[in-house]
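Chain and residue survey
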Amino acid sequence: QVQLVESGGGLVQPGGSLRLSCVASGFPFSTYAMSWHRQAPGKERELVAKITGAGGGRNYADSVKGRFTISRDNAKNTVYLQMNSLKPEDTAVYYCVAGILYRTYDYWGQGTQVAVSL
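Residues numbered from 1 in each chain as written. Predicted model: local features only at pLDDT ≥ 70, side-chain atom pairs only at ≥ 80, totals over all residues. Heavy atoms only, no water.

On to the overall build of the protein, then. Secondary structure assignment for the protein yields zero helices and 11 strands. The secondary structure elements of the protein, listed N-terminal to C-terminal, are β-β-β-β-β-β-β-β-β-β-β. The globule rule puts the C-alpha radius of gyration for 118 residues at 13 Å, and the 13 Å found for the protein is close to it. C-alpha atoms of the protein, sized along the principal axes, occupy 40 × 25 × 25 Å. (Helix = DSSP H or I, 4+ residues; strand = E, 2+ residues; numbered from the N terminus. Rg over C-alpha atoms; globule rule 2.2 N^0.38 Å.)

Okay, here's the thing in structure tokens:
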């Protein structure tokens, strides 16, 4: 069955960095677009970044451009989110998502908590 397992979340101080990882199984990973979404307490879930199956196309939310980088290793069935210059407003549960099309979000992971605080 399809599994998306996120890791790498935690507590970090403002200005710090974290790298999230998501290991996928149960579907042809390299043919799926992958994305990271987040949901902060009391807020709607939002798209943070996404990447095409081959990794050649990427998009970012305006709020994270220049600070976050999405990448993937198709040999390892893994997608990453490198987060630098973290801000308190980046605090949220981060979800790894797979989509058969670039515009769809078909499979969701369970999420990993990121907290940015002094």
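Let's pick the thread back up.
Time to look at the nonpolar core. Ranked by internal contacts, the top residues of the largest apolar core, which has 29 residues, are Met34, Trp36, Val79, Leu81, Met83 and Tyr94. Residue assignment for this core shows that the elements contributing at least two residues are β3 (18-25), β4 (33-39), β5 (46-51), β7 (68-73), β8 (78-83), β9 (92-99) and β11 (112-116). With residues near it in sequence (within four places) discarded, Leu81 still touches Leu18, Arg19, Leu20, Trp36, Val48, Ala49, Phe68, Thr69, Ile70 and Tyr94. (Core = buried A, V, L, I, M, F, W, Y, C linked by side-chain atoms within 4.5 Å. Buried < 20%, exposed > 50% of the residue type's maximum accessible area, 1.4 Å probe, protein only. Contact = heavy atoms within 4.5 Å.)

Once that is clear, we can look at the pairing of strand β1 (residues 3-7). Of the two faces of β1, only one is covered, namely that formed by Leu4 and Glu6; the face formed by Gln3, Val5 and Ser7 stays uncovered. Looking at chain direction, β1 and β3 are connected through five bridges and run antiparallel. Residue pairing for β3: Leu4 is matched across the bridge by Ala24. (Pairing = 2+ DSSP bridges.)

Okay, the pattern of salt bridges next. Should the charged atoms of two oppositely charged side chains come close, the side chains can pair. On inspection of all chains with the given rule, the structure shows four salt bridges. The closest approach of N and O atoms between Arg38 and Glu46, which form a salt bridge, is 2.6 Å. According to the relative accessible area criterion, Glu46 is partly exposed, its value standing at 32%. With a shortest N-O distance of 2.9 Å, Asp90 and Arg38 are connected by a salt bridge. In this pair, Asp90 sits in the loop between β8 and β9 while Arg38 sits in strand β4, placing the two residues 52 residues apart along the sequence. Neither residue differs from the other here; Asp90 and Arg38 are each classed as buried. A single network of salt bridges, built from pairs that share partners, joins Arg38, Glu46, Arg67 and Asp90. (Salt bridge = Lys/Arg side-chain N within 4 Å of Asp/Glu carboxyl O.)

Among the surface-exposed residues, Leu47, Tyr105 and Trp108 lie close enough to one another that they form a single nonpolar patch of about 240 Å² accessible area. Among the structural elements, Trp108 can be located in strand β10 (residues 107-108). A relative accessible area of 33% places Trp108 in the partly exposed class. (Patch = residues over 30% accessible without salt bridge, like charges linked within 9 Å, V, L, I, M, F, W, Y side chains within 5 Å. Areas by Shrake-Rupley, 256 points an atom, 1.4 Å probe, with all protein chains shown as cover.)

Attention now moves to the packing of aromatic side chains. Summed over the entire model, instances satisfying the criterion amount to five aromatic pairs. With centroids separated by 5.7 Å and ring planes inclined at 40 degrees, the aromatic side chains of Phe27 and Tyr107 adopt a geometry described as tilted. With Phe27 in the loop between β3 and β4 and Tyr107 in strand β10, this residue pair connects regions lying 80 residues apart in the sequence. When its relative accessible area of 30% is taken as the criterion, Tyr107 is described as partly exposed. Aromatic ring contacts, followed pair by pair, group Phe27, Phe29, Tyr32 and Tyr107 into a single cluster. The positively charged end of Lys50 is found above the aromatic ring belonging to Tyr102, 4.4 Å away from the centroid. If you follow Arg72 out to its NZ or CZ, it ends over the ring of Phe29, 4.4 Å from the centre. (Phe/Tyr/Trp six-rings, centres within 6.5 Å; stacked < 30°, edge-to-face > 60°. Lys NZ or Arg CZ within 6 Å of the ring centre and 35° of its normal.)

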